[in-house]
Every structure is written in structure tokens, then in C-alpha cells.
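Architecture at a glance
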Amino acid sequence: MQFGEKCCCKDKISSSTKCTKLDPAVCLELQKIIEAIATSGKGLLACDESPASLDQRFQELGIENTEVTRCAYREMLLSADKSQLSRYISGVILHHETIYQKTSKNVEFVELLRQRNIVAGIKVDRGLVPLLGTEDEKTTQGLDDLWENCIRYKKEGCHFAKWRCVFSISERCPSQLAMNINANVLARFASICQSARMVPIVEPEILNNGEYDIDRALRVHEEMLSTLFRTLNEHHVYLEGMVLKPAMVLSRIQKPTRCTPQIVAEYTLRALRRTVPTAIPAIFFLSGGQNDEESVLNLNAINMHDDKKPWRLSFCYGRALQNAAMKIWKNNLENINKAQVIFLERAELCSKASLGELQFGENETCTRNTNDIF
Ligand code: 13P
């Protein structure tokens, strides 16, 4: 079966699969999906923002936020030049709404992606809720009907699914409770998702919005990732059949001289090396509020670094791929081509960074503009 095709083999997913060990055929299928999305020089586009998350971004640009404008916006992105888009992007994470929408040419989005040899994925969590008993920490809801949803999305042609939990860093956070609960939630998601023959994209996002230095960020990454992998193992998640989507190790209070791409790479790789098993085939970073330039330079430095890297290290960016194109598009038909060109330029830069192919001097800082360099 080509990825993206609708799956109609209902009987292959028996309900007994749900609670038992994964069938070897399912393991093989998960590996094949990962091979397709973790291709050298390619990464993922996350355009799975909820209507509420898009609201703020659209509002800032004076774009009306309706089902129709969200559909037009996603059509602008996903119908960009076919050969270029599929050269840089191997998979796209869609929002539930997009799965049931069609382009202006009456093509379903999953089908549009299939025609471009891009694998469709879906965000399956239902957003953040307060984690009671903590100081304003959060967990993520959506587990109750996850199994049924995954089966439905698989039939619609989606082959991987994303779930995001968040952690903040402060004097007392993340608490042990938040780490344990969210690691369990992510592991439950991953095992349910795998039993429905979808690759889980496990996203434990450490938010980069507190007043801490990069050494503290490193310690929190190590603690959280080791809790997460211990829990994934306790849940018997098939590690070869999942992808990790973490943040990079960053500090927004650090002086630029202490936060060069080389240092971010050093710290990020140290955290990963100490905690992520080599059985994990791929790690796709989120951009997490880094500006466009940082997101490219940091990924490039990670891939250029001499450290041992037993995983494919690439991008699964939302804002860092879309920001520039959204600003140009502004829901104006005349701007579509220009917005698509900018979007593809961003995708090309991220692709090169995923190969560590961008050249820049040793003294570059996080804030240096890529336009000055390339
Ligand atoms: P950003 O790259 O904008 O952080 O988004 C990625 C994502 O999918 C967050 O869940």
C-alpha cells in the first residue's frame, strides 16, 4: 500500500491487537512508515494548529479566522510546487478539520499529499488541561477515545500521529508529578497509536519561556527524557516504531556568546546521548518559538557536530516553516505564488540544515540572520 492511500482492510485491525504485544507485521509496517518519513534531507511540516492557536497569528496579520480561510491557507502551503515540496518535506501533520476539507479543485488534503509522495499524519491530542495538585502545570487530554480515533484516521490515510505534552522550567517546575503523569500519558498514547498501526510522534515539549540558564535547561531535559524513556519501556512501546519530537536545549536569558548554535548543538546532543536509546530511529525537533534563523542555524550545528548521532536528526517545524509565508499570504489570491516561494525557501534551508550542509563561521550567534550568510 502506498502511504496516503485510504485503508479499507478493517479486519487487519482486530480489537485483540489493542491489548496484546504488537504483531511482527505491524512492527514491519511501522518501520516502513518511519523509513518513508525519516528520509535523508527531509523533515516534517506541522500545520496542525487548532483554530484557537491560529486565531492569534491570523489576528496579528488581519486575517479572518474561519473554516474557509484556514482551508485556503493550508491549500496555499500544501499545493506549493510539487517537486520542490516533496524534495524537502516527507510528511505533514494535519489538524482534524483539514482531513475533512478539500482544496479549491475538490481534492481531499490527504489525497493531495499522497499525489506528492508525502505521508499524511494527524494531531490526535485534545489540548492542554490543568494538572491539578501542581503549581499551574499542565497535562494533555484525549486518551479516552484515542483508539477509535486512530483507527478512523488510519482509514482516512494517515500513517502517523502526534501528541504533545508541555513542561515549564521554573524554580520548582517541572515537578516530579508532572514528569511522571505526562510520561505516562505519552506512553499510553504511543502504545495505543502503534496498536492502530500508526507511528507515534512523541512530543514532550520543554517550553523556552522562563528565566533559567542553559545548564538548568540541560538538567531538566535529561531528567524529563530519562523519565519518559523509562516509562515508554514500562508500557512496552516498540521503540523502533516511534519518533521523538523534543525541543532543543536553549536559554532565552543567555548572552548570545553563550548561546551560539555550536553551544546549543553541544547541549542538545549531550541531553539526547545520555537519555535516548539508539533504538529510536529518528528525532525531529520542534521550533518552539525560535526565530526563523535560529531554528535553521541550530539544526545545522546539531547535524554538523562531531558527536555520535545514532538517530536521524531533522525538523518537524510549525512556526519556523510557516511564519514568513503566512505574513505574505494574508488571504489574498495575488500573494499565493510569492508566499509559496518563501515557504519553499524555508523548507529548503531546513532541509540543508538537516544535513548539516549550511556553512557559517565559528563566531556566529543565534541571532545572526541567515540572509547574511547564504
Ligand atoms: P513549532 O515548530 O511552531 O514549535 O510547532 C511544532 C509543533 O508541532 C508543536 O506541537
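Below is a short write-up of the structure.

About the thresholds
- Residues numbered from 1 in each chain as written.
- Predicted model: local features only at pLDDT ≥ 70, side-chain atom pairs only at ≥ 80, totals over all residues.
- Heavy atoms only, no water.
- Helix = DSSP H or I, 4+ residues; strand = E, 2+ residues; numbered from the N terminus.
- Contact = heavy atoms within 4.5 Å.
- Near = heavy atom within 4 Å.
- Polar contact = N/O pair within 3.5 Å; in protein donor to acceptor, adjacent residues only side chain to side chain.
- Areas by Shrake-Rupley, 256 points an atom, 1.4 Å probe, with all protein chains shown as cover.
- 1 Å grid on protein atoms, 1.4 Å probe; cavity = no way out; pocket = protein on both sides within 12 Å on 5 of 7 lines; lining within 4 Å.
- Sits in = over half its atoms within 2 Å of the grid points.
- Nonpolar A, V, L, I, M, F, W, Y, C, P; charged D, E, K, R; others polar.
- Points joined across faces, edges and corners; volume = space filled by probe spheres on them.
- Buried < 20%, exposed > 50% of the residue type's maximum accessible area, 1.4 Å probe, protein only.
- Pairing = 2+ DSSP bridges.
- Right-handed = clockwise from strand over helix to strand, strands pointing away.

This part takes up the overall build of the chain. Helix and strand content of the chain: 14 helices and 10 strands. Here the analysis covers contacts within the chain between residues at least 6 apart in sequence; of these, 80% occur between residues at least 24 apart.

Inspection of the region around the ligand gives Ala 46, Lys 162, Arg 164, Glu 203, Lys 245, Leu 286, Ser 287, Gly 288, Cys 316, Tyr 317, Gly 318 and Arg 319 as its neighbouring residues. Glu 203 places a polar side-chain atom, nitrogen or oxygen, 3.0 Å from an oxygen atom of the ligand. Contacts to the ligand include Ser 287, whose side-chain N or O atom sits 2.5 Å from an oxygen atom. Coverage of the ligand by the protein chains reaches 91% of its 310 Å² of free accessible surface. Spatially, the ligand is embedded in the largest pocket. Residue composition of the shell around the ligand, grouped by class: 4 nonpolar, 3 polar and 5 charged.

The next subject is empty space enclosed by the protein. Tallied over the full model, the rule gives 1 cavity of 30 Å³ or more. One number sums up the size of the largest cavity: a volume of about 70 Å³. Around the largest cavity, the lining is made up of 14 residues, and of these Ile 206, Asn 208, Ala 247, Met 248 and Leu 250 lie nearest the centre. Grouping the amino acids of the lining of the largest cavity by side-chain chemistry returns 8 nonpolar, 5 polar and 1 charged.

Of all 8 residues making up strand S7 (residues 199–206), 8 are buried, and the element is well covered by its neighbours. Going residue by residue along S7, you find Val 199, Ile 201, Glu 203 and Glu 205 tucked away on one face and Pro 200, Val 202, Pro 204 and Ile 206 tucked away on the opposite face as well. Here 8 bridges tie strand S6 (residues 158–167) to S7, and the two strands are oriented parallel to one another. The partner of Phe 167 across the bridge, within S7, is Ile 206. Handedness of the S6-helix H8 (residues 176–195)-S7 crossover: right-handed. Of the strand pairs in this sheet, S7 and strand S8 (residues 243–244) are connected by 2 bridges, and their pairing is parallel. Bridged to Val 202 within S8 is Leu 244. Of the crossover connections in this fold, the one passing from S7 over helix H9 (residues 214–234) to the parallel S8 is right-handed.

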